[in-house]
Each structure stands twice: as C-alpha cells, then as structure tokens.
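Summary of the model geometry
Listed below are the residues making up each chain.
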Amino acid sequence: MPSDDAARVDVWLWRARFFKTRSIASEELGKHRVQVNGQDAKASREVKLGDRVQLRQGVTQRTVVVKGLSSARGPAPVAQLLYEETPESIAQREKAAETNRLAPEPAHSLVQGRPTKRDRRQIRSEER
C-alpha cells in the first residue's frame, strides 16, 4: 500500500502532465526513457519528494525534481507545482529549441521536386 509521502512514478508522471495517459507513461518507463535518481525505473517504482526524475518527451530531454505529490490529476497550473525543472535542463531545452529554429527547412532547398497539381495541368496544356 503506497504511503502519503510517495507515489508510483507512472501515476506521478501522468498527474504532473508529462504524458497524456498513464499507459503512455508506463510505456515510456518500459522503454527506459525515464530514470529516477539516475537509475532506470519501472512503472511501480515509487517517487518521493526531492527525487530527481529524468525523462524524454519526443526529442526533448528534461530533468525535474519532485516538489509535490497529488492524489488526483488536476489542471496544468496545479500540475506544474508538483515539480521544478533544473536550470541545466531549462538551458539545454532552450538551446535545442534555438538550434531547431535556426536550422534550415529541408524542403526549401529542393529546387525541383514532384510537380503540383497546377504544374501537371500546365505541363499537359503545353503538350497539346
């Protein structure tokens, strides 16, 4: 039986709104994309106040410290009170976002690609 000062990590991740469903949180744990205090965690592992949780959401890597536990999934402003993101994690996330923003769009470098519907109509009319 869980104590009042701990919660299952899959439930906590769901309640803190890192994942849309608890089953998605469990899948991510099963794929070793979540670590608690530097160790891969199973869904049934309990997190306590002060634990350091590292998780990956898509390509984004985040490191947070557990600041609170909740008995229910609430609105986003309440969920944000359950954790505090580390300054290193914030800096890394902002750097990755800036890199993505400055990276050129691959489609813009294509000079000639598949013709559009308009292009095909124009080609057909020139052939006649």
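Residues numbered from 1 in each chain as written. Predicted model: local features only at pLDDT ≥ 70, side-chain atom pairs only at ≥ 80, totals over all residues. Heavy atoms only, no water.

With that out of the way, let us pick up unusual backbone geometry. Unlike most non-glycine residues, Arg17 shows phi in positive territory, near 65°. For Arg17, the location among the structural elements is in the loop between helix 1 (9-15) and helix 2 (22-30). By relative accessible area, Arg17 is classed as partly exposed at 39%. Phi is positive for His32, close to 60°, though the residue is something other than glycine. With respect to the element layout, His32 can be found in the loop between helix 2 and strand 2 (34-36). Judged by relative accessible area, His32 falls into the partly exposed class, the value being 48%. (Helix = DSSP H or I, 4+ residues; strand = E, 2+ residues; numbered from the N terminus. Buried < 20%, exposed > 50% of the residue type's maximum accessible area, 1.4 Å probe, protein only.)

So, on to the nonpolar core. Trp12, Leu13, Phe18, Val53 and Leu55 are the most contacted members of the largest nonpolar core, which has 19 residues in total. The set of elements that each furnish at least two residues to this core consists of helix 1, helix 2, strand 2, strand 5 (52-57) and strand 6 (60-66). For this core, the leading source of residues is helix 1, giving three residues. Residue contacts for Leu13: discarding those within four places in its chain leaves Phe18, Phe19, Ala25, Leu29, Val34, Val53 and Leu55. (Core = buried A, V, L, I, M, F, W, Y, C linked by side-chain atoms within 4.5 Å. Contact = heavy atoms within 4.5 Å.)

In this section: the environment of Glu98. Assignment of secondary structure puts Glu98 in helix 4 (residues 87-102). Separated by 19 residues in the primary sequence, Glu98 and Lys117 place their C-alpha atoms 35 Å from one another.

Turning our attention to a positive patch on the surface. Side chains of Arg114, Lys117, Arg120, Arg121, Arg124 and Arg128 sit close together on the surface and give a patch of like positive charge. Along the chain, Arg121 falls in helix 5 (residues 117-127). (Patch = residues over 30% accessible without salt bridge, like charges linked within 9 Å, V, L, I, M, F, W, Y side chains within 5 Å. Areas by Shrake-Rupley, 256 points an atom, 1.4 Å probe, with all protein chains shown as cover. Salt bridge = Lys/Arg side-chain N within 4 Å of Asp/Glu carboxyl O. Lys, Arg positive; Asp, Glu negative; His and termini not counted. Charge placed at Lys NZ, Arg CZ, Asp CG, Glu CD.)

Time to look at the sheet that holds strand 7 (residues 83-85). Here five strands make up an open sheet; going across it, the order is 3-2-5-6-7 and the pairing antiparallel. Each end of this open sheet is capped by a strand with a single partner; those strands are strand 3 (39-40) and strand 7. As paired elements, strand 6 and strand 7 share three bridges and run antiparallel to each other. Each residue of the ladder has a partner; that of Val65, found in strand 7, is Glu84. Against the sheet, helix 4 makes contact with strand 5, strand 6 and strand 7, and its axis sits at roughly 160° relative to strand 6, the strand it touches most. (Pairing = 2+ DSSP bridges. Axes fitted to C-alpha atoms, helices over the stretch in contact; angles between N-to-C directions.)

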